[in-house]
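Architecture and fold: a report
If you want the building blocks of each chain, they are given just below.
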Amino acid sequence: MTKIAPSILSADFNRLGEQIAILENEGADYLHIDVMDGAFVPNISFGIPVVRSIRKNTGMFFDVHLMINEPVRYIRDFAEAGADLICVHYEACSNIIGTLEEIKSHGKKCGVAIKPGTPVELLTPFITMPDLILVMSVEPGFGGQKLNHNVFERVKAVRQMLDESGGKAEIEVDGGVTEDNIAELAAAGVDVIVTGSAAFKEPISESLKRLREKIDK
Ligand code: DX5
Ligand code: ZN
């Protein structure tokens, strides 16, 4: 079954714990946590103390999407703060294999993300390593953008690469997901669908239910 991963980038940070509890009660599968450094992407979000703090009150699976340069420097910190999966950008790592190994060495699942313009073939040398491949459907940095339709052919290509290599990664799509396109993404074989602004539209429980209904049809 397709998983839904609400992104807290769209949360009301004054009510963050309360909103996460609603998502958890509604059965959201992963909690997607967008960390931005103002260098790899032109925006700054939040970091390690926020992850540590929300970890205290929820058992949700933390899918931490690091949009930071040379994330290998901070893997230990995010692992100790409570991440379950740490996803790094291919474009941000001078040593992607070493970075994925560092994540695994802390007993966490590892993911690799690619921006819409990064050729999927670049994943080939290490395609069997990650637990998750995040195919971005917007340029990373901001919520509320429009989905880039090239994501459909890119997901198909990644699926083929996984099938041919025996790789077991889940395929995740992130950016511009709406009630109008979520069913198409699920039908295209996406395993995990991130949703920021669409999931956090109040009332959150209703928004999440509607998104879920679209893919369970
Ligand atoms: C963008 C982030 C996304 C963002 C998605 O850089 O990685 O996770 O929160 O937001 P929406 O769903 O509003 O496009
Ligand atoms: Zn994200």
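Note that the structure is a prediction, hence the values are computed from the model and not measured. By convention here, each chain's residues receive numbers from 1 onward along its written sequence. Numbering of ligands from 1 and lettering of chains from A proceed in the order in which they are written. Local features in this predicted model are restricted to residues of pLDDT 70 or higher, and side-chain atom pairs are both shown and tallied only at a pLDDT of 80 or more, whereas totals for entire chains, interfaces and linings draw on every residue. Side-chain measures here rest on the full set of heavy atoms in the structure, leaving out hydrogens and waters.

Moving on, we get to the nonpolar core. Take the buried Ala, Val, Leu, Ile, Met, Phe, Trp, Tyr and Cys residues and link them wherever side-chain atoms come within 4.5 Å; each set so joined is a nonpolar core. A 1.4 Å probe rolled over the protein chains alone gives each residue an accessible area, and that area as a share of the maximum for its type sets the label: buried under 20%, exposed over 50%, partly exposed in between. Ile 8 and Ile 33 are the most contacted members of the largest nonpolar core, which has 63 residues in total. We count a stretch as a helix when DSSP gives it H or I for four or more residues in a row; a strand needs E for two or more, and each element gets its number in order from the N terminus. For this core, the leading source of residues is helix H5 (residues 150-165), giving six residues. Grouped together as the second largest cluster of nonpolar side chains are 11 residues, Leu 85, Leu 132, Leu 134 and Val 194 included.

In space, the eight strands of this open sheet follow the order E1-E8-E7-E6-E5-E4-E3-E2, with parallel pairing throughout. The sheet is open, and its two borders are formed by strand E1 (3-6) and strand E2 (30-36), each paired with just one other strand. Across this sheet, the average inter-strand angle for adjacent strands is 25°, counted without regard to direction. Strand pairing is assigned whenever DSSP detects at least two bridges linking the two strands. As paired strands, strand E6 (residues 132-136) and strand E7 (residues 170-174) are joined by five bridges and run parallel to one another. Bridging from a neighbouring strand, Val 135 pairs with Val 173 of E7. On the sheet, H5 packs against strand E5 (109-114), E6 and E7 and is oriented at approximately 160° with respect to E6. For this analysis, residues touch if any pair of their heavy atoms sits within 4.5 Å. A fitted line through C-alpha atoms serves as each axis, taken over the contacting stretch for helices, and the angle formed by two N-to-C directions is quoted from 0 to 180°. Docked against the sheet, helix H7 (residues 204-216) engages E1 and strand E8 (192-195), running at close to 155° with respect to E1.

For the rest of this paragraph, the subject is the pattern of salt bridges. Any Lys or Arg side-chain nitrogen located within 4 Å of an Asp or Glu carboxyl oxygen qualifies as a salt bridge. Inspection of every chain in the model, using the stated rule, returns 12 salt bridges. Between Arg 212 and Asp 29 there is a salt bridge, with its nearest N and O atoms 3.1 Å apart. Pair noted here: Arg 212 is in helix H7 and Asp 29 is in the loop between helix H1 (16-25) and E2, with a separation of 183 residues, a long-range link. On the basis of relative accessibility, which here comes to 17%, the residue Arg 212 falls in the buried class. Its relative accessible area of 27% is what places Asp 29 among the partly exposed residues. The salt bridge involving Asp 84 is made with Arg 55; its shortest N-O contact spans 3.1 Å. Here Asp 84 is found in the loop between helix H3 (75-81) and strand E4 (85-89), whereas its partner Arg 55 is found in helix H2 (residues 48-55), with 29 residues between them in sequence. Each of Asp 12, Arg 15, Glu 18 and Glu 202 takes part in one network of salt bridges that share partners.

Close contacts around ligand 1 come from 20 residues, with Asp 34, Gly 141, Gly 144, Asp 174 and Ser 197 the closest. The backbone of Gly 144 places a nitrogen or oxygen atom 2.8 Å from an oxygen atom of ligand 1. At a separation of 2.8 Å, an oxygen atom of ligand 1 approaches a polar backbone atom of Gly 176. Protein chains bury 100% of the 390 Å² of accessible surface belonging to ligand 1 in isolation. In this structure, ligand 1 is accommodated by the largest pocket. Listed by contribution, the elements that provide at least two residues to the shell around ligand 1 are E2, strand E3 (61-67) and E8. Ranked by residue count, the leading element in the shell around ligand 1 is E2, at three residues. Residues are classed as near a molecule or strand on a simple rule: at least one heavy atom within 4 Å of it. Pairs of N or O atoms within 3.5 Å make up the polar contacts considered here, provided that, within protein, one atom can donate a hydrogen while the other can accept it, and that residues adjacent in sequence are counted only when both atoms are side-chain atoms. Method for areas: the Shrake-Rupley scheme with a 1.4 Å probe, in which residue coverage is limited to the protein chains shown. In this analysis, the protein atoms alone were mapped onto a 1 Å grid. Cavities are point sets where a 1.4 Å probe fits without being able to get out; pockets are open sets with protein on both sides within 12 Å along at least five of seven lines; lining residues have an atom within 4 Å of a point. Cavity and pocket membership follows a simple rule, namely that a molecule belongs there if more than half of its atoms are within 2 Å of the grid points.

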